[in-house]
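Residue-level structural notes
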Amino acid sequence: MCGLAGEVHWAQGVNVDATKRMAESIAHRGPDDQGFWLEANQRCTLAHRRLSIIDLSPLGHQPMLDDDTGSALVFNGEIYNYQELRKECENLGDVFRSESDTEVILKLYRRHGEQCLRRLRGMFAIALWDAKEQRLILARDRMGKKPLNYALTEHGIIFCSAIQPLVRHPAVDDEMDEDALDFYLQLQAVPAPWSIYRQIRKLPPAHYAIFDRGGLHIENYWNIDYRAKIQVTEREALEGLEEVLTDAVRLRMISDVPLGALLSGGVDSSVVVALMSKLTGSPIRTFSIG
């Protein structure tokens, strides 16, 4: 878990102090490192709080810059297939400075633009400033595991991993959204894209947003397709399920820090730990809460 925050303002310089305060408010999301970047023309600022998982060295520091394009990236999450994607980039001539999955996203964006999101397997919230096109890209993973909230202002956009630091920004109105309150009373939750505040919105899962001088454009980049059907026996279905689960657990065990698992007492967490043990051949550190 990491945290990110930032602002784009077209009419005047961004509010640097407010962005730093937002980042300080989400320090609990990333206690290992902090970073701040301000664009030369002061149209964009990015802030990051880091929980180090992959590449613990200073080379994994964020915001991370692309020296060739000037683009800047802050990223919360983990890209599980980053090693495979990195090899593809290296085969095409890209040279990496770090071992982080963050740098892989920068290289992919340089080649494929926002369409690179379709190739990412993982959980993520991304904010990328495209220096050449003078635009901000916001993106969220397919299931919405990582949060990303934003508020449109008269001359720009402000965003943050958490809602409360965002609503304390002086340019953001804290007026309640009555439609969101209605959702909460019916569902006991406020679904994306709404939030309890009228000006603040959540970027929906499996969507990216492009913010430039023309305004905000939101696009869906992935959907579940139920149309294709297969005929399998029960045994084949069970074997296929085990294969998929094993692959999912294997990808999530890539880490430069010790791994463990939280046991909830149910079948799902027990299966995850069993697969972890099978993949490593050694006991797994597990934790329970009572």
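Below or above, wherever it landed, is the structure these notes cover.

Another aspect to go through is the pairing of strand 5 (residues 72–79). Along strand 5, seven of the eight residues are buried, which leaves the element largely enclosed by surrounding structure. For strand 4 (residues 64–65) and strand 5, the ladder comprises two bridges, and the chain directions are antiparallel. Across the sheet, residue M64 finds its bridge partner in strand 5, namely L73. What sits between the antiparallel neighbours strand 4 and strand 5 is a turn of six residues, in which G70 has the positive phi angle 85°.

Next up on the list: helix 3 (residues 101–112). An ideal rise of 1.5 Å per residue puts 16 Å on twelve residues; helix 3 measures up with 16 Å between its terminal C-alpha atoms. The element helix 3 is largely enclosed, with a buried count of nine among its twelve residues. Among the residues making up helix 3, those that are buried are D101, T102, E103, V104, I105, L106, K107, L108 and Y109. Where helix 3 is buried, its residues touch strand 4, strand 5, helix 2 (82–91), strand 6 (122–130) and strand 7 (135–140). Following helix 3 by one or two positions, G113 has its phi on the positive side, about 65°.

Structurally, L263 can be placed in the loop between strand 13 (260–262) and helix 7 (267–280). Here the alpha-carbon distance between L263 and A127, two residues 136 residues apart in the chain, equals 33 Å. Excluding anything up to four places from it in sequence, L263 contacts S269, S270, V273, T286, F287 and S288.

This paragraph deals with the packing of helix 6 (residues 234–252) against helix 7. The relative placement of two packed helices comes down to the angle between their axes together with the axis-to-axis distance. Contact geometry for helix 6 and helix 7: axes closest at 10 Å, N-to-C directions at 75°. What the angle tells us is that helix 6 and helix 7 run roughly perpendicular. Of the residues in helix 7, those in contact with E242, L245, T246, V249 and R250 of helix 6 are V271, V272, L275, M276, K278 and L279. Residues of the contact of helix 6 with helix 7, tallied by class, amount to seven nonpolar, one polar and three charged.

Take the nonpolar core next. For soluble globular proteins, nonpolar side chains are generally found buried alongside one another. Counting residues in hydrophobic clusters, the biggest one holds 26 residues, and the most contacted among them are I79, L117, L120, F124 and I126. Broken down by secondary-structure element, the contributors of at least two residues to this core are strand 5, helix 2, helix 3, strand 6, strand 7 and strand 11 (207–212). The biggest single contributor to this core is helix 3, with five residues. Ignoring anything within four residues of it in the chain, the contact list for L117 reads F124, I126, A139, Y208 and Y221. Counting 20 residues, the second-largest nonpolar core is a separate cluster that includes L4, W37, C44 and A72.

Quick look at unusual backbone geometry now. The peptide bond linking Q62 to P63 adopts the cis configuration, its omega dihedral lying at 0°. Positionally, P63 belongs in the loop between strand 3 (44–50) and strand 4. In this structure, D55 is a non-glycine residue whose phi angle is positive, near 55°. Along the chain, D55 falls in the loop between strand 3 and strand 4. Exposure remark for D55: the relative accessible area of 7% places this residue in the buried category.

Here we come to the side chain of N149. Its location among the elements puts N149 in strand 8 (residues 149–152). Overall, N149 belongs to the buried group, its relative accessible area being 5%. A distance of 3.0 Å separates a polar side-chain atom of N149 from the backbone oxygen of S161. Apart from the residues lying within four places of it in its own chain, the contact partners of N149 are I158, F159, C160, S161, A162, I163, L166, I200, R201 and K202.

This part covers helix 6. For the α-helix, the turn length of 3.6 residues means that residues three or four positions removed from each other point alike. In this model helix 6 runs 27 Å from its N-terminal to its C-terminal C-alpha over 19 residues, within 8% of the 27 Å that 1.5 Å per residue would give. Restricting attention to buried positions, one finds in helix 6 the residues T246, V249 and L251. Where helix 6 is buried, its residues meet helix 7.

Criteria and thresholds
Residues numbered from 1 in each chain as written. Predicted model: local features only at pLDDT ≥ 70, side-chain atom pairs only at ≥ 80, totals over all residues. Heavy atoms only, no water. Buried < 20%, exposed > 50% of the residue type's maximum accessible area, 1.4 Å probe, protein only. Helix = DSSP H or I, 4+ residues; strand = E, 2+ residues; numbered from the N terminus. Pairing = 2+ DSSP bridges. Expected span 1.5 Å × (residues − 1). Contact = heavy atoms within 4.5 Å. Axes fitted to C-alpha atoms, helices over the stretch in contact; angles between N-to-C directions. Parallel < 35°, antiparallel > 145°, perpendicular 65-115°, else oblique. Nonpolar A, V, L, I, M, F, W, Y, C, P; charged D, E, K, R; others polar. Core = buried A, V, L, I, M, F, W, Y, C linked by side-chain atoms within 4.5 Å. Polar contact = N/O pair within 3.5 Å; in protein donor to acceptor, adjacent residues only side chain to side chain.

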